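The residues making up each chain are set out below.
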Amino acid sequence: MHAAVRVGVALVLVASVFGLGIHYSANRSAHWEYPMDEELAERPSAYAGEQVFMQGEVVSIDSTNATGQVRSTYAGGAVTVTVRGFDADVRPGGVVQVYGVFRPDDVVDAETVRVVNPARTSERYKYAVSAVGALLVIALFFRNWRIDPGTLTFEVR
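These notes cover the structure that comes with them. (Residues numbered from 1 in each chain as written. Predicted model: local features only at pLDDT ≥ 70, side-chain atom pairs only at ≥ 80, totals over all residues. Heavy atoms only, no water.)

So, the pairing of strand 3 (residues 77-84)
Note on strand geometry: in a regular strand, side chains alternate between the two faces of the sheet. We apply this condition: Between any two strands, pairing holds if DSSP finds at least two bridges. The helix and strand labels rest on DSSP assignments: H or I over at least four residues marks a helix, E over at least two residues marks a strand, and numbering proceeds from the N terminus.
Here strand 2 (residues 67-74) pairs with strand 3 via 8 bridges, running antiparallel. Note that in strand 3 the partner of Gly68 across the bridge is Val83. Between strand 2 and strand 3, which pair antiparallel and follow one another directly, the connecting turn spans 2 residues. As paired elements, strand 3 and strand 5 (residues 107-117) share 3 bridges and run parallel to each other. Directly across from Val83, in strand 5, lies its bridge partner Val108.

Comments concerning the pairing of strand 4 (residues 95-103)
Direction of pairing for strand 1 (residues 51-62) relative to strand 4: antiparallel, over a ladder of 7 bridges. The residue bridging Gln55 from the neighbouring strand is Gln97, located in strand 4. Here strand 4 runs beside strand 5; their pairing, made up of 9 bridges, is antiparallel. Bridging across to strand 5, Arg103 finds its partner in Val107. Between strand 4 and strand 5, which follow one another and run antiparallel, lie 3 residues, and Asp105 among them has a positive phi close to 65°.

Let's talk about the environment of Val156
Note the cut-off: Exposed residues in this analysis have more than 50% of their type's maximum accessible area, buried residues have under 20%, and partly exposed residues fall in between, with area computed by a 1.4 Å probe over protein chains only. The contact definition used throughout considers only heavy atoms, calling two residues in contact when any of these lie within 4.5 Å.
Mapped onto the secondary structure, Val156 falls in strand 7 (residues 153-156). Take Val156: its relative accessible area is 58%, and that puts it in the exposed class. Separated by 12 residues in sequence, Val156 and Asn144 place their C-alpha atoms 6.0 Å apart. Excluding anything up to four places from it in sequence, Val156 contacts Asn144 and Trp145.

Next up, the structure:
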């Protein structure tokens, strides 16, 4: 196969994956069974008594009452809810996922609270470890393979 054809096929495949990602993102609410954060912020009374699933940053924790304040941001703003039954081991600034029943006055009776990042530094740590892992995989790959610039193919060293 000619090098230009390979490059063209690669570009079409990359553009297709990119386009599918945009399409899915644009139609996310149609695939999501829970109310979106924007909907909870705009019409909270319409979702009272419904199951919600949200992810957000922990604003504050009151361990004596087992409650916490969680702020979930979206493109147009943010919604802050009080989570009753908050039993996660996390600090303010950490990120949690909350699943439970939405109540009036922006309260969620949590069935499950899961920690995503226990602190602000956790996300940077995850990215750093992932970058090191990716570099190791690339180094191991190119230790045994090389690119032939004339045919744009990989060859065994």
